[in-house]
Amino acid sequence: MASRTIDSRPRILAIWLVIAGAIGWIAAFALTLEKFDKVADSTVAASCDFSIVVQCSANLNSPQGSAFGFPNPIIGLTGWMAPIVVGMAILAGARFARWFWWTFFAGITFAFGFVIWLISQSIYILGTLCPWCMVTWLVTIPTFYAVAVHLLRSGVVSDNARVRAVGTALSAWVPLMAFVTYAVVLLLAQLRLDAIPQLIDVIF
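In this text, all values refer to a predicted model and were calculated from it rather than measured experimentally. (Residues numbered from 1 in each chain as written. Predicted model: local features only at pLDDT ≥ 70, side-chain atom pairs only at ≥ 80, totals over all residues. Heavy atoms only, no water.)

1. Topic: the overall build of the protein chain
Scanning the protein chain from N- to C-terminus turns up 9 helices and 0 strands. N-terminal to C-terminal, the α/β element order of the protein chain is α-α-α-α-α-α-α-α-α. Against the 2.2 N^0.38 benchmark of 17 Å for 204 residues, the protein chain shows a C-alpha radius of gyration of 18 Å, consistent with a compact globule. In terms of principal-axis extent, the alpha carbons of the protein chain reach across some 55 × 35 × 30 Å. Residue burial in the protein chain is summarised as follows: out of 204 residues, 41% are buried. (Helix = DSSP H or I, 4+ residues; strand = E, 2+ residues; numbered from the N terminus. Rg over C-alpha atoms; globule rule 2.2 N^0.38 Å. Buried < 20%, exposed > 50% of the residue type's maximum accessible area, 1.4 Å probe, protein only.)

Written out as structure tokens, the structure is:
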């Protein structure tokens, strides 16, 4: 039972995984380039430094920016390939065993937890909002919710009809769950950093 193949081809989830993985990888790649520039010349401002609050340099140069002893963007360069591969495999007709989905979800959960920690560090310790980091937050949060709901809906968590029904019901609420999370992060950033006016200045 534990190794049973889950008979489900969640095409919408697969498309999202490919899109999110590509966006996340681009953000990680951009931050990696910025880190290379910083290593070459620490006095040069990053191209994503727009103000004291909206900037990349403080995050890249901080201990939090190398949480595991090497720059965090390297995690993104490797980690974001997984959603792309999984999404493309599903679109190609692949079916995955239950253990595979649990392993994949473990990675997504780690990414989500890591992002939540980085958000707290950015807002409350570093006092900055890194643009490329925010792009990563933007795609990690809904990816976590989408995969979690799929595990419920598809029978990975349980074959119980009620559990699967809950997953099906929650599917339509994934965008709202992500939006509420964004709103909470924005509210915390506004209360702590007065971030909204500065973000508006950067955007417009």
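So, next bit.
2. A word on the layout of surface pockets
Empty space within the largest pocket amounts to approximately 610 Å³. Ile-75, Gly-76, Trp-80, Phe-114 and Thr-136 are, among the 33 residues lining the largest pocket, the residues nearest its centre. Mapped by element, the contributors of at least two residues to the lining of the largest pocket are helix H1 (11-40), helix H2 (57-61), helix H3 (72-79), helix H4 (81-91), helix H5 (98-126) and helix H6 (131-153). Counting residues per element, the lining of the largest pocket draws most heavily on H5, at 11 residues. When its residues are assigned to classes, the lining of the largest pocket shows 19 nonpolar, 14 polar and no charged. (1 Å grid on protein atoms, 1.4 Å probe; cavity = no way out; pocket = protein on both sides within 12 Å on 5 of 7 lines; lining within 4 Å. Points joined across faces, edges and corners; volume = space filled by probe spheres on them. Nonpolar A, V, L, I, M, F, W, Y, C, P; charged D, E, K, R; others polar.)

3. Some details on H4
Turning to H4, its buried residues number three or more, namely Pro-83, Ile-84, Val-86, Gly-87 and Ile-90. The inward-facing, buried residues of H4 contact H1, H3 and H5. (Contact = heavy atoms within 4.5 Å.)

4. Describing the nonpolar core
With 21 residues, the main nonpolar core has Trp-101, Phe-104, Tyr-145 and Val-147 as its most contacted residues. Tallying contributions element by element places H6 first for this core, with 7 residues. Membership of the second largest hydrophobic core comes to 19 residues, among which are Leu-31, Cys-48, Val-53 and Ile-119. (Core = buried A, V, L, I, M, F, W, Y, C linked by side-chain atoms within 4.5 Å.)

5. Regarding the state of the cysteines
For the structure on display, the rule yields 1 disulfide. Between the sulfur atoms of Cys-48 and its disulfide partner Cys-56 the distance amounts to 2.0 Å. The S-S bond linking Cys-48 to Cys-56 shows a torsion near -140°; that makes this disulfide left-handed. Take Cys-48: its relative accessible area is 3%, and that puts it in the buried class. (Disulfide = S-S within 2.5 Å.)

6. Structural notes on a nonpolar patch on the surface
A contiguous nonpolar patch, built from Tyr-124, Ile-125, Val-166, Leu-170, Trp-173, Leu-176, Phe-179, Val-180, Val-184 and Leu-188 and spanning about 900 Å² of accessible area, is present on the exposed surface. For the nonpolar patch, the secondary-structure elements that each account for two or more residues are H5, helix H7 (161-171) and helix H8 (174-193). When residues of the nonpolar patch are assigned to their parent elements, the largest contribution, 5 residues, is made by H8. Judged by its relative accessible area of 56%, Phe-179 is exposed. (Patch = residues over 30% accessible without salt bridge, like charges linked within 9 Å, V, L, I, M, F, W, Y side chains within 5 Å. Areas by Shrake-Rupley, 256 points an atom, 1.4 Å probe, with all protein chains shown as cover. Salt bridge = Lys/Arg side-chain N within 4 Å of Asp/Glu carboxyl O.)

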